[in-house]
Structure formats: structure tokens, C-alpha cells
Amino acid sequence: MTSNSKIPREKVLDNSLALMSEGYLFIQNRCRRYGTDIFQTRLMGGQRTICMSGAEAARTFYDNDRFKRKGAVPKRIQKTLFGKGAIQTMDEEAHKHRKALFMSLMTSERLQGLTDITREKWEEAISQWMNKDRVVFFKETQEIMCRTACHWAGVPLEEKEVTKRADDLGALVDAFGAVGPRHWRGRRARARTNKWVKAIIQQVRAGKLNPAEKTALYAMSWHRDLNGKLLNSKMAAIELINILRPIVAIGRYITFGALALHEHPEEQKKLEADETDYSQMFVQEVRRYYPFGPFIGARVRKGFIWRQHRFKKGTLVLLDLYGTNHDPSLWEEPDQFHPERFSHWKGSPFDFIPQGGGDYDMGHRCAGEWVTVKVMKESLDFLTQQVNYDVPDQDLSFSMVRMPSIPESRFVIGNVRRKHS
């Protein structure tokens, strides 16, 4: 196998410190520096790593004949965000079988049920917020999402547990890209959350809990692998957490949505009118514009050449999610917040990849993307149609180094009141 072009290479022993200090812009900075959409560096203990950005890179990255996920997710992320051995680390038939389990929960009926639950939980929260002088929006929204996730999944959740469970599920997300205290908080939260959900799975199997058949709790409790065996209770718990955790993580997107409404007040009236499904455009632009997932990794399944660049078997490859969503060759004025850009968007699975790209059913595209859009639309609809609130002076900046990012103040609001008596 030969190639006629060399990938630009950084002459470093390990660039992990630069990755941590540049965050979301690490890949984008180098693509601009080298005038390319692909380069080679060394990360995570000096591993040879190829970084790619853009729609064509994404199309190649999601070719399952060329790439695999096994061995790509660092252990430190498995021990916090995903859980060891979860679907994100699987390939081929095992992945397809497990992915079908997740996709079975995404029926129109189930998604409508999720929408209804989301509105119900917002109604309950706003009634309480009206009696508070000050509300830390992100923290409270994370708890709303925890209540929503557990209700929808059929997971019992006592009111006295809400804050603890929401904080722990949020800590799993917050540990991504973290070192030091945030990482260790995520590790401890993973241990507590695994224990909690594993006990619930065991109660279902012992007949002490009887969740509805169409819920995630029921599906995970009774799912059988390719060999016809029930998942062990720990693995079933990990995959059930992979339903709960992403819904709790939507609280970040909703917070950024509220920030967008504050920074672009003209959007309020457009959302209130919601002509030509403007809320869909607004939600998609929040997901494109604000930092959420920085990049995603895979390993080369077998050697190949792409655009005269050689990819060796086993090489770690990172796809730049944030950079692709801000690629000026794909998006006009990508650093401007402009929801109308989605009025003519054709829906490519490779140019808009805030939670990853590719095919839903057979590939690795996030099964929870539909959930994210539905919950965001319902939440932001409630905020714009049902309530008014004040936004006091505060630090609303967000870091492009901290992964995942969130407004520094966590977005504080006050004087919450209903629009209609």
C-alpha cells in the first residue's frame, strides 16, 4: 500500500497538554495552521493520532469497514461517562444488536410520551421557581431533566433523591475532558450510580418491581445478548444509565438555549410565533453553535488510503465535532448565531454532527439525538410561551477550554412569573 501525500505531522512527543489547554479549538487551530483538514500528532501517552475535520472526513470516519470503536474510548472516559463495556465501545454484530435495543425505545409513541413528561416536569418546577428570589438555571434544569429521564424510563425516583441523582448523573458528563478533581468526582458518581441502578435492575428481575413493558427499565432488565443470555445486572445498569445520563445532559443545551434567548432577544418573538417550525431551526442552531461534544474517536480497522493519505491499522483517529459544525466551507458565517440557516438545510448526516454523525440504525450516530431535539423544543417552548423572568448581571461567558463547557454563572434568573394567569 502506497500513498503520494504525507499527512502534516507535529513533531512532539505528546501533545496532551496542548489539547487540555486549547479544548474545543485544538483540532480546528491546527487545521487552520497547516491549511488542511487532517494532521497527525501524538496524544494520550504519545499515541500516534490522526485528527480530521469536515464533512468528507466524517463520511470516511463513519465507514464501519474502515473504522472500529473497540479500543478507541480511553479507560478514564469508560469509567465516568459511558461505563465499561457499554454500547459506545462495541462493533459489528454485537453493536447492531445492542443498538437495536436503544432504537426500539425511539418510537413516535414513546417520544410523544417523553414530550408530555417534559412539559409536566417544567410545570412543576416553575410553580416552585415563582417562590424563589434567585434560580440557578443550569442546576435546576439538570434536576428537571433527571425527573423527566427517570419518569420516562420507568425508573423509581423519590423526591428526596432527586438532587443527589441529578448531581451524580451530571458529574458523569462533567468528567469528560477533565483531569484532577472533576474526573475523580465523576469516578465516584459512576460507582454510586451503577450501584443504584443495578439494585433497581435486580428488583425487576426478582419480581419486586414491575415496570411497563415499553419502558427502558423493562427493556434493559430483560434484554438478551447475541447468545440469548440476559445481560448481567451490572451491564444492564450501565446501558440503562446510558438512557438517563444523556437526557440529564440535555440540561446543558437548554441552558445554552436560554443564554441564546438572552443574548439575541429578537429570537423570543420568532419562537413565540413559531412560523415554519422556527423552534426546530432555533434548537438545531443552539446545538450547532454552542460547544458540547468536542471530538470523537475510533481506530483504523484495516489499513487504507484516503485522499492519498495512508491510515495504518490500529491508529487512533479523532473526528472534530465542534470544528465541523463551525467549518466555513459548510456553514456561512459559522461563528454567528443564525437559526434561519436551517431553513434550507438538507439534513446531511456528515456536516451537522453535534452528537456525532453517520447512520442511526446501522452506524454509531447517537440514538438519543431525537430525544435531545424533542426535549429541547418542549423546554424552550415552555420558557418562551409560558413564563417571563429577569436575568440579573452575572458572568455569562463560557470557556472553550473546559470540556464540557457551560456558562460561568450557570445562568442565574429571578422574578419568575407566568405569562398567563
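All residue numbers here refer to positions counted from 1 along the written sequence of the relevant chain. Owing to the predicted nature of the model, reporting of local features is limited to residues with pLDDT of at least 70; listing and counting of side-chain atom pairs is limited to 80 or more, with chain, interface and lining totals taken over all residues. Computation of side-chain values covers all heavy atoms of the structure but excludes hydrogens and water.

**Digging into the overall build of the chain**
- In this description a helix means any DSSP run of H or I spanning at least four residues, a strand means any run of E spanning at least two, and both kinds are numbered starting from the N terminus. Across its full length, the chain carries 15 helices and 10 strands.
- Atoms considered for the radius of gyration are the C-alpha atoms alone. The globule rule reads 2.2 Å times the number of residues to the power 0.38. For the chain, whose C-alpha radius of gyration is 21 Å, the value lies close to the compact-globule estimate of 22 Å for 421 residues.
- Overall size of the chain, expressed as C-alpha extent along the three principal axes, is 70 × 55 × 40 Å.
- When a residue's accessible area, from a 1.4 Å probe over protein chains only, is under 20% of the maximum for its type it is buried; when over 50% it is exposed; and in between it is partly exposed. Within the chain, buried positions represent 56% of all 421 residues.
- Whether two residues are in contact is decided by their heavy atoms, any of which lying within 4.5 Å being enough. Of all intrachain contacts in the chain linking residues separated by at least 6 positions in sequence, the fraction that spans at least 24 positions is 72%.
- Accessible surface computed for the chain: about 18,600 Å², of which carbon and sulfur atoms make up 49%.
- Only four residue types enter the tally: Lys and Arg on the positive side, Asp and Glu on the negative side; His and the chain ends are excluded. For charged residues, the charge sits on one atom: NZ in Lys, CZ in Arg, CG in Asp, CD in Glu. For the chain, the distance from the average site of its 67 positive side-chain charges to the average site of its 51 negative ones is 11 Å. Only the protein chains shown count as cover for residues, and the accessible areas themselves come from Shrake-Rupley with a 1.4 Å probe.

**Topic: the sheet that holds strand 10 (residues 412-418)**
- Only strands joined by at least two bridges in the DSSP assignment are considered to pair. Strand order in this open sheet of 3 strands is 4-10-9, and the pairing throughout is antiparallel. Among the strands making up the open sheet, the edge pair consists of strand 4 (135-136) and strand 9 (387-390).

**Quick notes on the nonpolar core**
- As used in this record, nonpolar core signifies buried Ala, Val, Leu, Ile, Met, Phe, Trp, Tyr and Cys residues forming a set joined through side-chain atoms within 4.5 Å. Grouped together as the largest cluster of nonpolar side chains are 78 residues, with contacts concentrated most on W122 and W129.
- In terms of residue count, the dominant contributor to this core is helix 11 (residues 233-263) (18 residues).
- Ignoring anything within four residues of it in the chain, the contact list for W129 reads W122, V135, F137, E140, T141, I144, I413 and V416.

**Some details on the pattern of salt bridges**
- One side-chain nitrogen of Lys or Arg within 4 Å of one carboxyl oxygen of Asp or Glu is enough to make a salt bridge. Per the stated rule, a full pass over the model turns up 29 salt bridges.
- For K214, the salt bridge identified is with E109, shortest N-O distance 3.0 Å. Taken together, the positions of K214 in the loop between helix 9 (181-205) and helix 10 (216-221) and E109 in helix 6 (residues 108-129) put the pair 105 residues apart, joining distant regions of the chain.
- By relative accessible area, which is 52% here, E109 ends up exposed.
- Connected through shared salt-bridge partners, E10, E22, R30 and R33 make up one network.

**Looking at the packing of aromatic side chains**
- Only Phe, Tyr and Trp rings take part, Trp by its six-membered ring, and two of them pair if their centres are within 6.5 Å. Stacked means planes under 30 degrees apart, edge-to-face means over 60, and tilted covers everything else. Evaluated as defined, the whole model comprises 28 aromatic pairs.
- Measuring from centroid to centroid gives 6.4 Å for W306 and F311, while their planes differ by 70°, and the two rings are edge-to-face. Comparing W306 with F311 shows no difference in burial state: the two are buried.
- Across the ring face of Y34, the terminal group of R33 is positioned such that the distance to the ring centre comes to 5.9 Å.
- Whether a charge sits over a ring comes down to the Lys NZ or Arg CZ being within 6 Å of the ring centre and within 35 degrees of the ring normal. Lying over the aromatic face of W331, R288 brings its terminal NZ or CZ to 5.7 Å of the ring centre.

**Quick look at the environment of I243**
- Structurally, the position occupied by I243 is in helix 11.
- Once residues within four sequence positions are removed from consideration, I243 is found in contact with F102, L105, W152, A153, A216 and M220.

**Considering the packing of helix 7 (residues 137-153) against helix 8 (residues 162-174)**
- Taken N-terminus to C-terminus, the directions of helix 7 and helix 8 make an angle of 100°; their axes are 9 Å apart at the nearest point. The orientation of helix 7 relative to helix 8 falls into the category roughly perpendicular. Of the residues in helix 8, those touching helix 7 at K139, Q142, E143, C146 and R147 are V162, T163, R165, A166, D167, L169 and G170.
- Under the scheme applied here, ten amino acids are nonpolar (Ala, Val, Leu, Ile, Met, Phe, Trp, Tyr, Cys and Pro), four are charged (Asp, Glu, Lys and Arg), and all others, including Gly, are polar. Of the residues in the contact of helix 7 with helix 8, the class split is 4 nonpolar, 3 polar and 5 charged. The axes used here are C-alpha line fits, helices contributing only the stretch in contact, and every angle between their N-to-C directions lies in the interval 0 to 180 degrees. These descriptions rest on fixed angle ranges, namely under 35 degrees for roughly parallel, over 145 for roughly antiparallel, 65 to 115 for roughly perpendicular, and the rest for oblique.

**Some points on the side chain of R245**
- Checked against the element boundaries, R245 lands in helix 11.
- Among buried Asp, Glu, Lys and Arg side chains, R245 stands out as unpaired, with E239 the closest opposite charge at 7.3 Å.
- Pairs of N or O atoms are called polar contacts if they sit within 3.5 Å, as long as, within protein, a hydrogen donor faces a hydrogen acceptor (for residues adjacent in sequence, only side-chain-to-side-chain pairs). Among the polar contacts made by the side chain of R245, one reaches the side chain of N242 at a distance of 2.6 Å.

**Some words on the sheet that holds strand 3 (residues 67-68)**
- Spatial strand order, 1-2-8-5-3: 5 strands in an open sheet with mixed pairing. Here the strands that pair on one side only, and so sit at the sheet edges, are strand 1 (38-43) and strand 3.
- The pairing of strand 2 (residues 47-53) with strand 8 (residues 316-320) spans 5 bridges and is classified as parallel. Within strand 8, the residue paired with T49 across the bridge is L316.
- In the packing of helix 2 (residues 26-34) onto the sheet, contacts are made with strand 1, strand 2, strand 5 (295-300) and strand 8, and the angle to strand 1 comes to roughly 130°.

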